Each structure stands twice: as C-alpha cells, then as structure tokens.
Amino acid sequence: MFKKILIANRGDIAIRILRTCKEMGIKSVAVHSLIDESLMHVKLADESVCIGPNRSSESYLNISAILSAAELTNADAIHPGVGFLSENEKFAKMVSEHGMKFIGPDPKHLAQMGDKIVAKKTMADLGIPVVKGSDGEVKSAEEAKEIAKTSGYPVLFKAASGGGGKGMKVANSPEEIDNAFKMAKSEAKANFGDDSVYMERYLSHPRHIEIQIIADSFGNVVHLGERDCSIQRNHQKLFEESPSVALTPEKRQEIGEIVRNAVRNLGYVGVGTLEFLYENGEFFFMEMNTRLQVEHSVSEQITGIDIVKEQIRIASGEKLSIKQENIQFKGHAIEFRINAEHPETFVPSPGKIEELYFPGGNGVRIDSHIYRNYVIPPYYDSLIAKVIISAEDRDSCLAKARQALDELVIDGVYTTTDLHRKLVRNKDILAGDFDIHWLENNLRSL
Ligand code: ADP
C-alpha cells in the first residue's frame, strides 16, 4: 500500500480524498495555488506545497510543478481528483515515468476514452448500445446533411475532445446544419484546441443515466448501479439521484451486466462511469469518464462502499474487496450541487461568504471546503458544496432534503440553494417525471 499520496486538486474533492487517505493510514500532500493557501484541504493535509499562481493553467494544470511537489515530498502516488489533470494521458504517463503511481486507469484508456469518437466506436464493438449518428468525425456540412437523411432530425454536433457540455450544437433541419456545424467547430477549437466534431441524433426526451464501475487488475469488475443525472443546466449536472425511478431491477441488472462485460474485455483498471441517454427503455452510450466523478457519493450512500478507498486499493495492486453478488442497493440518495452562481442565469458569483450554516442529522452528508469569511476566488469551478441526502425511499429522501435545504445558510454570494428548494417541492420532481431538457423548459415557471 502507498505511504504518501499527493492530491493534485483543490476544494471539496481534495478533502474527500484526503479523508479516505487518513482512514487508510496514508499520509497526504496537498497542493495549492497562491490564493488557495488557506483552503481547508491545505489545512487538513499532512503537508502542502504551493504550485503556482492563481490561474489553473499555472497551478492545478501545471504538470512540472505538481511532479516537483511530489518528488520534493517523497509521495509514492498521485491522485488527480476530478477535472484538472484527471483524464490527461500525458500527465498519467509522466507520473509513472517519475517512478510514482497515477491513481487512475492506464494512459492508453485515458487516450481512448478521451477521444469521444474512438470511445463510441470501441464501446459499440464491445457490445454497448450507442446513439445513431456519424461513424466518426464529420468533415463538412454537406457530409452532415447526407448522414442526417438516414438518422433523421434533429441532430447534435459534439466535440470529439469535448467535456463539460461545451461545443454542442443542435440542428433541427438541413437549413440549420451549416451554422450549427460551424459554431460547434469553433467552440470545440476554442475550448479544447481540437476542432473535430461528430454528429448524433438528438434525442428529444431522454434521461441521463450513468453506471458506476470499479475494476481491478485481476479481471474483477463490479457495477454500483446507476445514477440519474437528468436535471441539468447548460448540459451540466445539478441534481443526481440513485436509484433512478425510470429503471426496474431487471433493467438495472441487464445494463449492469453489459457494462461489466465490456469493461472486463476492455482490460480497464480503476473506477469509471459509462454515461448513457435512456429513452423508451433503450440505452444509448455517450461517453466514459475515466476517473472519479463529482456525484460518486450518491452511489456510496446506497451501497455503503467507499469508492475512493477501492480506487486507491486497486491502484496499489490489490484486489477488489467486494463481489457483485454482495453489493446491495439500499434506500435512496440525492446529491444537490450547491454552486456559487446566480440561480437563474447560472453566471458564477465569486465573493466572500458572510454567513454559513450547514444542516446535519441522520442521512445528511455535506462534502464541502467552504467556511465563514472564506472568499470564493473567480478562477475555479463554482461548486462550493455538495449536499447529499439519503433515506429509506425516494419520498422520505425528498422530505429530508426539504428540511436540510431549508436549514442551509450561505450568505454573501448567490447560490443554487433556492433553486434546489424549489425543485424538491415541484410536482414533476416529486413524481420523478422529467428528462434532460426538463430544467431548461421549466426554469422560468419554478
Ligand atoms: P460532456 O462530456 O460535454 O458532458 P456528454 O456527451 O456527456 O458531453 O453530453 C452532455 C449532456 O448533453 C448529456 O448529459 C445530455 O444532456 C446532452 N446530450 C448529449 N448527447 C445527446 C444526444 N444525442 N441527444 C440529446 N442530448 C444529448
């Protein structure tokens, strides 16, 4: 087992990881930008190293600074967390070249799944159902129009190197193709430095259902069921729950087995998530995230499994400590992402937290790094807290969530708290009657 892990991340996820390190008796090293010097993950870690100025490109994405920090502190492994370098093939390679273990999959799988065109083709070959669309990159608007003749409208252009919902454009008719194609390409270029795009049929009422997997290097793969992440804004998740009201135990079992087989045949090692759209009882693969995800905690709550602990154990060469037949899905869990942003426009709202009170009690888990008088910097993601509620069933979970969200106080900045308070009282949400477009269609009337 590792003796010391450097956590190449910040905020709530860095704390999440270092808590498990402490439980496992592993020393932790925090890294931080100048402005993050007094952040909680820095205070809680055994050691810390400043890796550069505030902009992520000069700190949390600064590979050489992070590697130097790891060498300086004698870390034997690096946990990349979520976002930043977590899916960066070059970083993963360099970590092992420097004699340390990258806590994540093999670089070859990062590369394969990082290119969404390759990912889709690979998964289709492994028996995973995918959305209809172009076979690979779409090179021209004319080609797109040809493909759409058979796939049908509307269609969606997506960036091959995409992420975070960026670089996606819908076209409802042949007339809209030229513009959508051009815009998707330029957005892809601006955000990912790669302008290749591909095309999919745009599904009108799907849910976003994803399957969490954990695989060790001995060919053992387990799935931890699904998460329903259909409540999104700008194609980004805001509210995630497990189980999904849309799945029966049979459907869960069926997709779970398909995914386990595919992951085993891929030879993948680590934690990962396969994201699907789900419409009329059919699954359509979108992408695989080859890392820990923000919403992993929802699955932890209903299975009782510490996903980070398994991830660290597997990376150190140990066997999975769990078998599929022993995994039980108990009760219901929902994660509410509290972002420092305007609840209607979703524009980030950095600034000082003047007042703070976190709810508590049975079934209330808060993963957060903020404290009273903390100043949220404008440089990073706007996620400031995750409120994760669990209870014996969905109705009780929503009732508990209403109470917890009402108790939550974060003053000084705009947050998504009020939006969540409305969601947990909305009749469609209570009935479980929504798809990925629901929030955008209902935001005004909430
Ligand atoms: P990213 O990596 O940018 O998050 P995804 O491929 O995961 O991109 O898609 C993000 C979101 O975009 C999905 O959760 C879904 O809401 C929407 N989306 C993606 N593909 C389609 C599609 N073919 N039809 C309808 N919505 C889609």
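About the cut-offs
Residues numbered from 1 in each chain as written. Predicted model: local features only at pLDDT ≥ 70, side-chain atom pairs only at ≥ 80, totals over all residues. Heavy atoms only, no water. Pairing = 2+ DSSP bridges. Helix = DSSP H or I, 4+ residues; strand = E, 2+ residues; numbered from the N terminus. Axes fitted to C-alpha atoms, helices over the stretch in contact; angles between N-to-C directions. Contact = heavy atoms within 4.5 Å. Core = buried A, V, L, I, M, F, W, Y, C linked by side-chain atoms within 4.5 Å. Buried < 20%, exposed > 50% of the residue type's maximum accessible area, 1.4 Å probe, protein only. Salt bridge = Lys/Arg side-chain N within 4 Å of Asp/Glu carboxyl O.

1. Some points on the sheet that holds strand β10 (residues 221-233)
Phase 1 of the analysis: The sheet built from eight strands is open, its strands ordered β13-β12-β9-β10-β11-β14-β19-β17 with antiparallel pairing. On the outer flanks of this sheet lie β13 (282-289) and β17 (364-368), each paired with one strand and no other. For this sheet, the mean inter-axis angle between neighbouring strands, taken without regard to orientation, is 25°.
Phase 2 of the analysis: Note: β17 against strand β19 (residues 383-391), five bridges, orientation antiparallel. Pairing of V364 across the sheet is with I389, part of β19.
Phase 3 of the analysis: Together, β9 (207-215), β10, β12 (270-279) and β13 form the strand contacts of helix α9 (residues 249-266), whose direction differs from that of β10 by roughly 115°.
Phase 4 of the analysis: Lying on the sheet, helix α11 (residues 307-315) is in contact with β9, β10 and β12; it crosses β9 at an angle near 40°.

2. Details of the nonpolar core
Phase 1 of the analysis: Counting 38 residues, the largest nonpolar core has F336 and I410 as its most contacted members.
Phase 2 of the analysis: At the level of secondary structure, the elements contributing two or more residues to this core comprise β11 (236-242), β14 (332-339), β17, β19, α12 (394-407), α13 (417-423) and α15 (438-442).

3. Some details on unusual backbone geometry
Phase 1 of the analysis: Each neighbour pair has its own omega, and for Y153 with P154 the value is -5°, a cis peptide bond.
Phase 2 of the analysis: Note the cis peptide between S242 and P243, where omega equals -5°.
Phase 3 of the analysis: Residue placement: P243 occurs in the loop between β11 and α9.
Phase 4 of the analysis: Backbone geometry places F84, a non-glycine residue, at a positive phi of 40°.
Phase 5 of the analysis: Residue placement: F84 occurs in the loop between β4 (77-79) and α4 (89-97).

4. Considering the pattern of salt bridges
Any two side chains of opposite charge can pair if their charged atoms end up close together.
Phase 1 of the analysis: Counted under the stated rule, the structure contains 39 salt bridges.
Phase 2 of the analysis: The residue D36 makes a salt bridge to R10 at a minimum N-O spacing of 2.6 Å. Placement of the pair is D36 in the loop between β2 (27-33) and α2 (40-44) and R10 in the loop between β1 (4-7) and α1 (11-23), with a sequence separation of 26 residues.
Phase 3 of the analysis: On the basis of relative accessibility, which here comes to 9%, the residue R10 falls in the buried class.
Phase 4 of the analysis: R337 is the salt-bridge partner of E240, the closest N and O atoms lying 2.6 Å from each other. Here E240 is found in strand β11, whereas its partner R337 is found in strand β14, with 97 residues between them in sequence.
Phase 5 of the analysis: Classification of E240 as buried rests on a relative accessible area of 0%.

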